[in-house]
Amino acid sequence: MATLQVIDRDGVSHDVECKPGLKVMEVLRELDYGVAAICGGMCSCATCHIYVDDAWKDKLPAPMSDERDLLTELSHYRENSRLSCQSLVGSEDVDVDITQESLQAFLDENPDLRHRLEAEGKWPLKR
Ligand code: FES
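Residues numbered from 1 in each chain as written. Predicted model: local features only at pLDDT ≥ 70, side-chain atom pairs only at ≥ 80, totals over all residues.

> I would appreciate a short explanation of the overall build of the protein in the present structure.
Per the secondary structure count, the protein includes four helices and five strands. Of the regular secondary structure in the protein, the N- to C-terminal order runs β-β-α-β-α-β-β-α-α. For the protein, the proportion of its 127 residues judged to be buried stands at 28%. Considering only contacts in the protein between residues 6 or more positions apart, those separated by 24 or more positions represent 64%. (Helix = DSSP H or I, 4+ residues; strand = E, 2+ residues; numbered from the N terminus. Buried ≥ 20, exposed ≤ 12 C-beta atoms within 10 Å, placed from the backbone. Contact = placed C-beta atoms within 7 Å.)

Quick look at the structure:
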């Protein structure tokens, strides 16, 4: 079992157990601070965009050309950007940060949660 260290919208790190061979997206979309993954992992929506900690990015298989092409079109692209639907977890732990754009897409898909967070002053993010 590997551990995903996931930074949530409040900047808090969570350790999430993950079976090797799963895509990072398959783990994140089950969390209430996760990703929407609107295209279901078809590498076409980028609503699963994450940043992988520099110390961990070599733990994931390198991106294929279609993932690289989609990522480099994003306005918030960074060198450590990955699509979580294209990122297979191996036996090693990985540290990921869900991008603000992915959080926005997630909350657009979960309006009740977004309204609650807005009422609590927790959305939009202040970080
Ligand atoms: S889920 Fe759509 S690109 Fe990853």
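> Please clarify how the sheet that holds strand β3 (residues 49-52) should be interpreted in this entry.
Hydrogen bonds between backbone atoms are what pair the strands of a sheet, whose relative direction is either parallel or antiparallel. As summarised here, the arrangement of the five strands in space is β2-β1-β5-β3-β4, forming an open sheet in which the pairing is mixed. Both outer strands of the open sheet, β2 (13-18) and β4 (81-83), are each paired with one neighbouring strand and no more. Strand-to-strand twist of the sheet, defined as the mean angle between neighbouring strand axes without regard to direction, takes the value 35°. As paired strands, β3 and strand β5 (residues 94-98) are joined by three bridges and run antiparallel to one another. Residue pairing for β5: Ile 50 is matched across the bridge by Ile 98. (Pairing = 2+ DSSP bridges. Axes fitted to C-alpha atoms, helices over the stretch in contact; angles between N-to-C directions.)

> So what exactly am I meant to see when it comes to the nonpolar core here?
Most often, soluble globular proteins keep nonpolar side chains buried together rather than apart. Ranked by internal contacts, the top residues of the largest apolar core, which has 25 residues, are Leu 4, Val 24, Val 35 and Val 96. Listing elements by their share of this core, those giving two or more residues are β1 (2-7), α1 (24-28), β3, β5 and α3 (100-109). The residues touching Leu 4, leaving out its near neighbours within four places in the chain, are Val 16, Cys 18, Val 24, Val 27, Val 89, Val 94 and Val 96. (Core = buried A, V, L, I, M, F, W, Y, C linked by C-beta atoms within 7 Å.)

> Please explain α3 as it appears in this structure.
Counting along an α-helix, one turn takes 3.6 residues, and residues three or four places apart therefore face a common direction. What α3 keeps buried is the set Ser 102, Leu 103, Ala 105, Phe 106 and Leu 107. Lining the buried residues of α3 we find β3, β5 and α4 (111-119).

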